[in-house]
Amino acid sequence: MQVHSLRTTEQRPWTLALLAAASCLSLVAAAPSNAQTPELVISVVDPTSSTPILPSTRLPATGTKITLAECTNRFATASFVLRPDRSNLNGVTLTPSDLNGARQRVSANKLALRTVKVWYQGGTAWKDIRANSTPTLVPELLLRNDKLVELDHTRKENLISSTRSGPIRLSPTIAHFGPQDRLTKTSQEFYVKDDAVLRPLDLKKAESKQLWLTLDLSAPMSPGQYTGSILIRQGARRIGSVDIHLDILPCRLEEQVLKYGVYYRARLKRDGDAVISSEWKTRSQMLSEFKNLASHGVRHLISYEPLPSQGGDPYTVVTLAKSAGLDVSRFYTTAIATHNPGSPSHLAQYLQQATVLRDLLKPLGVNALVVYGIDEASPELLAAQAQAWSKLRHAGTMVFAAGWRPGDATHVAGTLDAFIVGERMTRSIVNVLHASGTEAYAYNRPQVGVENPHHYRLNYGLELWRSGADGAMLYAYQDGFGFVWNDLDSQQFRDHVFAYPTVDGVIDTVAWEGLREGIDDVRYLSQLKLFVDNPPTNATREAKKYGAEVLSRLREIGTTTPSLARQEIVGALARLLGADIALGR
């Protein structure tokens, strides 16, 4: 999979009606409350904003109340920023309370707090994935131990804290590694592991520190209002708090209408200790990453695991994926790819390999094996593979490929089962593919590696839904050009990472959370469509009309602010369900 420049969806204004509606759905509370103190400025912010929050960012004291309205069966997010203006505040603790409702409570252990770590990345950070040797500060990591990554501002380098070997310095070495060089380090060489809960924070005077809140709403809950708070202390002294108001609607979000997957490069490491790499995982590391995928709404893998005859173990990979909750009914593999389509002997080999692999995985619930074409092939190579694809499909094997060139969809329509489109997905592209029975998936909008969560939420969320595509297959969950934890050691590309590998799991990023919000935007929209098409018994005529208007407006006009669009959708759902909620994000 090659990498191309970032192309974002063109900006489209809201209609006046939508602007008027959105203007009263403030992203933050309108005025400071008594939870604000003179020494600590607290600002509630949109977690997936396109504007990065750096230590130098100065936000007004916008209020200390987080207001959420949610269906269950999802993970909700919120964010706020702390800034001490009078002096350093060391040893600051943040303690969430239970959220109490009339008939039920949300336990405090369902509220997870992490810091948004700002660290040095390549000079194109937040905007592009091409390598750049100038280190720049960018928010990316979600940490429970904020000191896991320390910064050397003099040398503009990151230092990773390690309990085994002391700080590990990540130095820029951009001339060392080419685009095909991907390093693997043992856990003795690079031991990295985050804490289980948020550690006390050291807040520097006049510097902003962003916090990320995740609420686990996956279990059934009684509809109604829930309230609680996050108490902020320095030692025994209270220095502030953030109030939480949660409205639970009487609805459970359905699973995805669209299909989401990632290219998963890692091979199974069958023995020995954990390693840090995008290329190899132990069983426990792989299972942890698969669970991370499932919790973010990404249910499909494009696996790089080799065939058994090549030393791989796809049976165990699929077993782990299934146990983690991923959808294994289709197994996408790059281990069988039509690289030599004109060779009769190679075609016979592809057919035989597909039969063996399909039979091996069928007992695990794999109903369809999907093999790969030449990655991002030219029009001539696409045409050259058509006969091989036809014979594979005739023998019961599905075939997919990816391409970014304008017009690729026309070349492959009807010859593939699925095509992953690298140009901006439009209804016309989707229609061309669907008319010939080929599924349409998006990638490169952007590639993984751009830290900005807004891009992934918008382009793989509401904009993808508007196009009529079947889903998205993003490159890649992890691809470390050079070493996966060092963004400044490759000649051509910055690292593509949704979640950074550790010895026992992963460290999430704001971009990864942005994708989950985009996936859930589509789930909310699908829920609204379900209720518009099949209204609840007591839904009013006005509520039905408003819900239909919201659906139509988002489909035909779109949005550039998905957080406000979500509020519109939730508001329409609340009207249809007769729920009294206080909207806010």
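Anyway, here's the lowdown on the structure attached to this text. Computed from a predicted model, the values in this text were never measured in an experiment.

Scoring rules and cut-offs
Residues numbered from 1 in each chain as written. Predicted model: local features only at pLDDT ≥ 70, side-chain atom pairs only at ≥ 80, totals over all residues. Heavy atoms only, no water. Disulfide = S-S within 2.5 Å. Helix = DSSP H or I, 4+ residues; strand = E, 2+ residues; numbered from the N terminus. Buried < 20%, exposed > 50% of the residue type's maximum accessible area, 1.4 Å probe, protein only. Pairing = 2+ DSSP bridges. Axes fitted to C-alpha atoms, helices over the stretch in contact; angles between N-to-C directions. Contact = heavy atoms within 4.5 Å. Right-handed = clockwise from strand over helix to strand, strands pointing away.

1. As for the state of the cysteines
Thinking step 1. On inspection of all chains with the given rule, the structure shows one disulfide.
Thinking step 2. One disulfide bridge connects Cys71 with Cys251, the sulfur atoms lying 2.0 Å from each other. Here the disulfide of Cys71 and Cys251 is left-handed, its torsion about the S-S bond being about -45°. Note that Cys71 is positioned in strand β2 (residues 65-72) and Cys251 in strand β16 (residues 237-252), a separation of 180 residues in sequence. Of the two residues, Cys71 and Cys251, neither departs from the other in class, the shared state being buried.

2. Side note on the sheet that holds strand β26 (residues 439-442)
Thinking step 1. Taken in spatial order, the eight strands of this closed barrel run β17-β21-β22-β23-β24-β25-β26-β27, and their pairing is parallel. On average, adjacent strands in this sheet sit at an angle of 25° to one another, irrespective of strand direction.
Thinking step 2. Here three bridges tie strand β23 (residues 368-372) to strand β24 (residues 398-403), and the two strands are oriented parallel to one another. Considered in β24, the bridge of Val370 is made with Met398.
Thinking step 3. Against the sheet, helix α2 (residues 283-295) makes contact with β17 (259-264) and β21 (300-303), and its axis sits at roughly 150° relative to β17, the strand it touches most.

3. Structural notes on the pairing of strand β25 (residues 418-421)
Thinking step 1. Neither face of β25 is exposed, since Ala418 and Ile420 on one face and Phe419 and Val421 on the opposite face are all buried.
Thinking step 2. Pairing analysis gives four bridges linking β25 to β26, with the strands arranged parallel. Counterpart to Phe419 in the pairing with β26 is Ala440.
Thinking step 3. Handedness of the β25-helix α7 (residues 427-435)-β26 crossover: right-handed.

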